[in-house]
Amino acid sequence: MIRTIRISFWTAGVALLIVAFRWVFGSEVGDRVMNNKSNEVPSLMVDTSDGEPLLPPELRGLKARGRDRAHMEIVGDSGYHSVAIRAESQKPWHAQVLIHNIAGSGTGEVLRLEMRLRTTPGSEREATVGFIVEAPSEGTPKSLRFERPIGFDWATVSLPFRVKETAPGGRLRVALNVGYGFQSIDIQSVQLYRYGEDAPIDRLPSHNNPWTALEDSDWKASADERIRAIRQDDLIIQVVDAVGRPVQDAQVSVQMKRHAFRFGTAVNANAYLGRSIPTADAEQYVETVHSLFNAAVLEGTMKWTNWEVPERRAKADTTVSGLLAHGLAIRGHALVWPSWNRSPSRLRALEGDPQAVQSEILAHIAQQVTAYRGEVAEWDVVNEPYTNDDLVRLVGLRGVAEWFEEARRSDPSAGLVVNDFDILETGDQRSTRHVNHVTDLVRKLRALGAPVTGVGLQAHFDLVSLSHPETMLSIMDSLAAAEVDLVVTEYDIDLQDDSLASQYTRDFMTAVFSHPAATGFFLWGFWDGRHWKDNALLYEHDWTLKPAGRAWMDLVFDQWWTQETGTTDATGRLAVRGFLGEYSIQVTSQSRVISVDTTLRSGGTFTQIRIN
């Protein structure tokens, strides 16, 4: 008999309740539904019957884990497992369903997770589940990380992957992240199949790729046209002799040195300072930061809770100084992350006195912004206010406006930003809620006189959140209507398909670079050796350049880069259409060589070079 299990999660306390129970799986192995809208069997797939099941048909020891509090109860027998999840948690992984101690796989082997599930009929909205497979050891990389909405019809989620690392005995665990607010999910079956190291992972059943080739779309032609219009201008060079007469036929070399647009990265302060990785990697890390980027943001060292620890503050100071010395612009991340658990613990003790909390916040902003006055080009004044709003609700919008006003007083030249996630991602209801929230917040703050200058778009993508460029451009249009700059602050893309990651990165960067309100594009890390998802955009652990890294290089340092040579005309002039930024110009005439630096700005630049 198949038992029905109902699991409820609340995150109002600090207790952890672990309940073990009997779970018998249904036999749905033959159903290859690839998404919750279709029951079609995909073509060109291998025979999945060769896969060895690693889970027994009857599993004991399923556990619920909540960071705060979890409760599960068996509610009856109805032929499937009903998992009802109520979670007010800040993060999806604060409430999890776990399958522990799965043995029999080895590092490098191809596995496939298959689950048949649905959103419980009658629910107000579709549920969301995050699927994780990892070794049950702290700090090991996740072999599978996938998030998707679950429809109201039964669907089989099929996710092939390659094992990155197992625990002794080949042990793995499956974790279902379910902390996405109140939701109810029915689970009918689950299995983990093993295929060996040589299995063709790209031919195993997988979700239909939601991202299709866009070469036949006209969005890209329009984007390229906008890029030529807003990111390029005319650099006019005139060569004259000692008395100001034009020099004809002078040889001129124009070499771009740095973009005006900020192409940046998050920097791990420990790695940059050589404190957490081998010397050779540290040297490569620093050289890469200095050579590939013109801007940087520290991953976490400047956040409030770290700022108050003297040694961490010193680490931030040293890192910022090193980056500035190599000409990188600095983003400050972040002055206020407005939830109790992201702020110094002493604030919670002041919850009953909003003015005391506000005084602490304003004092912190004044101290930190003043410490970096003239050095930090742009601050994330408030970070993720859609989901982290404890302090926003406590002090009100007038109080949040004061945060921006204090930052402006402390550094009149710095940009001041609201930074949030799920704005460009997905393009569905979830992103719409975030877009509406941040747009409304910015408009209301500006109406209160707050000097909000920009919106930060975090842009963490996975397979289910790949928005179409036209959708993202429309979202950017709506945000820009609030008269703010837009900056992509934390781009990464967590896919196992390197070709898809490369294609999407190229399209996404093109869309952003083409938008007139965009001022910067920051990666959230560039090397697998220091990346929160172990899947950075540019480099593998051994510093092999990834396909997405090649796409980045091709755009930033080739297609959007200017290198020209030519000779002056009868007026002594040479006109170059170039990308905005810093340039080195070398002029050769009658064995004399002159080198000068100049900056190509919007509106064009005229540079006269005198040959004595």
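Note that the structure is a prediction, hence the values are computed from the model and not measured. (Residues numbered from 1 in each chain as written. Predicted model: local features only at pLDDT ≥ 70, side-chain atom pairs only at ≥ 80, totals over all residues. Heavy atoms only, no water.)

Visitor: Which residues make up the overall build of the protein chain, and what values do they have?
Guide: If you tally the helices and strands in the protein chain, you get eleven helices and 30 strands. When burial is assessed residue by residue, the protein chain has 57% of its 612 residues classed as buried. Looking at the protein chain alone, contacts between residues at least 24 apart form 81% of all its contacts between residues at least 6 apart. (Helix = DSSP H or I, 4+ residues; strand = E, 2+ residues; numbered from the N terminus. Buried < 20%, exposed > 50% of the residue type's maximum accessible area, 1.4 Å probe, protein only. Contact = heavy atoms within 4.5 Å.)

Visitor: Just give me the short version of the pattern of salt bridges, but keep the residues and values in it.
Guide: Here the structure, examined in full by the defined rule, presents 23 salt bridges. A salt bridge links E134 to R173, with the nearest nitrogen and oxygen atoms 3.1 Å apart. Pair noted here: E134 is in strand β10 (residues 127–134) and R173 is in strand β13 (residues 172–177), with a separation of 39 residues, a long-range link. Of the two residues, E134 and R173, neither departs from the other in class, the shared state being buried. Beyond isolated ion pairs, a larger network of salt bridges with shared partners links E134, K142 and R173. (Salt bridge = Lys/Arg side-chain N within 4 Å of Asp/Glu carboxyl O.)

Visitor: Please set out the environment of L144 residue by residue, giving values where relevant.
Guide: The topology assignment puts L144 in strand β11 (residues 142–150). Residue classification places L144 among the buried residues on the basis of a relative accessible area of 6%. Once the C-alpha coordinates of L144 and L113 are considered, the two residues, 31 residues apart in sequence, prove to be 9.0 Å apart. Residue contacts for L144: discarding those within four places in its chain leaves L113, F131, I132, V133, L159 and F161.

Visitor: I'd love a proper account of the sheet that holds strand β16 (residues 251–259), names of residues and values included.
Guide: Strands sit in the order β26-β16-β28-β29 across an open sheet of four strands; the sheet is antiparallel. Two strands bound the open sheet, and with one partner strand each, they are β26 (563–567) and β29 (592–600). With direction set aside, neighbouring strand axes in the sheet form an average angle of 20°. (Pairing = 2+ DSSP bridges. Axes fitted to C-alpha atoms, helices over the stretch in contact; angles between N-to-C directions.)

Visitor: Just give me the short version of empty space enclosed by the protein, but keep the residues and values in it.
Guide: With the rule as written, the count across this model stands at two cavities of 30 Å³ or more. I493, L495, D498, A501, N535, A536, L537, K546, P547 and A548 are the residues that line the largest cavity. Breaking the lining of the largest cavity down by element, the ones donating at least two residues are α10 (498–513) and α11 (547–559). (1 Å grid on protein atoms, 1.4 Å probe; cavity = no way out; pocket = protein on both sides within 12 Å on 5 of 7 lines; lining within 4 Å. Points joined across faces, edges and corners; volume = space filled by probe spheres on them.)

Visitor: Please provide a residue-by-residue account of the side chain of K303, values included.
Guide: Residue placement: K303 occurs in the loop between β18 (295–298) and α4 (304–307). Buried and without a salt bridge, K303 has E490 as its closest oppositely charged side chain, separated by 6.8 Å. Beyond its immediate sequence surroundings of up to four residues, K303 is in contact with H333, A334 and W337. (Lys, Arg positive; Asp, Glu negative; His and termini not counted.)

Visitor: Please provide a residue-by-residue account of the nonpolar core, values included.
Guide: One finds W403, Y491, F508, F521 and W552 to be the most contacted residues of the largest nonpolar core, which totals 116 residues. Once residues lying within four places of it in the same chain are set aside, the contact partners of W403 are V336, P338, Q358, I361, L362, I365, V381, V382, L391, V392 and V395. With 29 residues, the next largest nonpolar core counts L113, V163, L172 and I187 among its residues. (Core = buried A, V, L, I, M, F, W, Y, C linked by side-chain atoms within 4.5 Å.)

Visitor: Help me get a handle on the packing of aromatic side chains, residues and values and all.
Guide: Geometry of an aromatic ring pair is reported as the spacing of the ring centres plus the angle between the planes. All told, the structure shown has 25 aromatic pairs when counted by the stated rule. Ring geometry for F263 and W560: centres 6.2 Å apart, planes at 25°, overall stacked. With a gap of 297 residues between them, F263 in strand β17 (residues 262–267) and W560 in the loop between α11 and β26 connect regions that are remote in the sequence. For the pair F263 and W560, one class covers both residues: buried. For R331, the ring lying beneath its charged end belongs to F522, and the centroid distance is 5.7 Å. Above the plane of the ring of W337 lies R342, whose end atom (NZ or CZ) is 4.1 Å from the centre. (Phe/Tyr/Trp six-rings, centres within 6.5 Å; stacked < 30°, edge-to-face > 60°. Lys NZ or Arg CZ within 6 Å of the ring centre and 35° of its normal.)

Visitor: Lay out the pairing of strand β12 (residues 155–162) with the relevant residues and their values.
Guide: Within β12, seven of the eight residues are buried, leaving the element largely enclosed by the surrounding structure. Inspection of the sheet shows strand β9 (residues 110–119) paired to β12 by eight bridges, in the antiparallel sense. Bridged to L111 within β12 is F161.

Visitor: Residues and numbers for the sheet that holds strand β15 (residues 232–240), please.
Guide: Across the sheet, three strands lie side by side as β27-β15-β30; this open sheet has mixed pairing. Because the sheet does not close on itself, it has two edges, and the strands there are β27 (573–579) and β30 (605–610). For this sheet, the mean inter-axis angle between neighbouring strands, taken without regard to orientation, is 25°. Across seven bridges, the pairing between β15 and β27 is antiparallel.

Visitor: So, unusual backbone geometry: which residues are in play, and what are the values?
Guide: Following H333, the chain continues into A334 via a peptide bond in cis, with omega recorded as -5°. Considering the arrangement of structural elements, one finds A334 in strand β19 (residues 329–336). For N101, which is not a glycine, the phi torsion comes out positive at approximately 55°. You can see N101 is positioned in strand β8 (residues 95–102). Owing to a relative accessible area of 56%, N101 belongs among the exposed residues under this scheme.

Visitor: Explain the packing of helix α9 (residues 469–480) against α10 to me, using residue names and the numbers behind them.
Guide: At a minimum axis distance of 10 Å, the contact between α9 and α10 shows a crossing angle of 30°. As judged from the angle between their axes, α9 and α10 are roughly parallel. Two packed elements cross with a definite hand, and for α9 against α10 that hand is right-handed. In this structure, α9 contributes P469, M472, L473 and M476 to the contact, and α10 contributes Y504, D507, F508, A511 and V512. (Parallel < 35°, antiparallel > 145°, perpendicular 65-115°, else oblique. Left-handed = near helix turned anticlockwise from the far one by under 90°.)

Visitor: Mind laying out the environment of L545, listing which residues take part and the relevant values?
Guide: Locating L545 in the fold gives a position in the loop between β25 (518–523) and α11. The partly exposed category is assigned to L545, whose relative accessible area is 28%. Distance from L545 to W527, taken between C-alpha atoms, is 9.3 Å for residues 18 residues apart in sequence. The contacts of L545, once residues within four sequence positions are left out, are L538, Y539, R550 and M553.

Visitor: Outline the pairing of β8, supporting the account with residue identities and numerical values.
Guide: Most of β8 is tucked away: six of the eight residues are buried. Relative to β13, β8 runs antiparallel, the two sharing five bridges. Within the sheet, the bridge partner assigned to Q96 lies in β13 and is N177.

Visitor: I'd like a description of α9, backed by residues and values.
Guide: Every α-helical turn comprises 3.6 residues, leaving residues that sit three or four positions apart pointing alike. In a regular helix each residue adds 1.5 Å, so twelve residues correspond to 16 Å; α9 covers 16 Å between its end C-alpha atoms and thus fits that length. Residues of α9 that are buried include every one of P469, M472, L473, I475, M476, L479 and A480, and no others. Summarising the axial view, the buried residues of α9 lie within an arc of 160°, below the 170-degree limit, and thus occupy one face. (Expected span 1.5 Å × (residues − 1). Arc of directions from axis to C-beta.)

Visitor: Could you give me a rundown of the packing of helix α6 (residues 354–371) against helix α7 (residues 390–410), with the residues and numbers involved?
Guide: Where α6 contacts α7, the axes come no closer than 9 Å and their chain directions differ by 25°. One way to sum up the angle between α6 and α7 is to call them roughly parallel. Taken as a pair, α6 and α7 cross one another with a handedness that is right-handed. Residues P354, V357, Q358, I361, L362, I365, A366, V369 and T370 of α6 pack against L391, L394, V395, G399, E402, W403, E406, A407 and S410 of α7. Grouping the amino acids of the contact of α6 with α7 by side-chain chemistry returns twelve nonpolar, four polar and two charged. (Nonpolar A, V, L, I, M, F, W, Y, C, P; charged D, E, K, R; others polar.)

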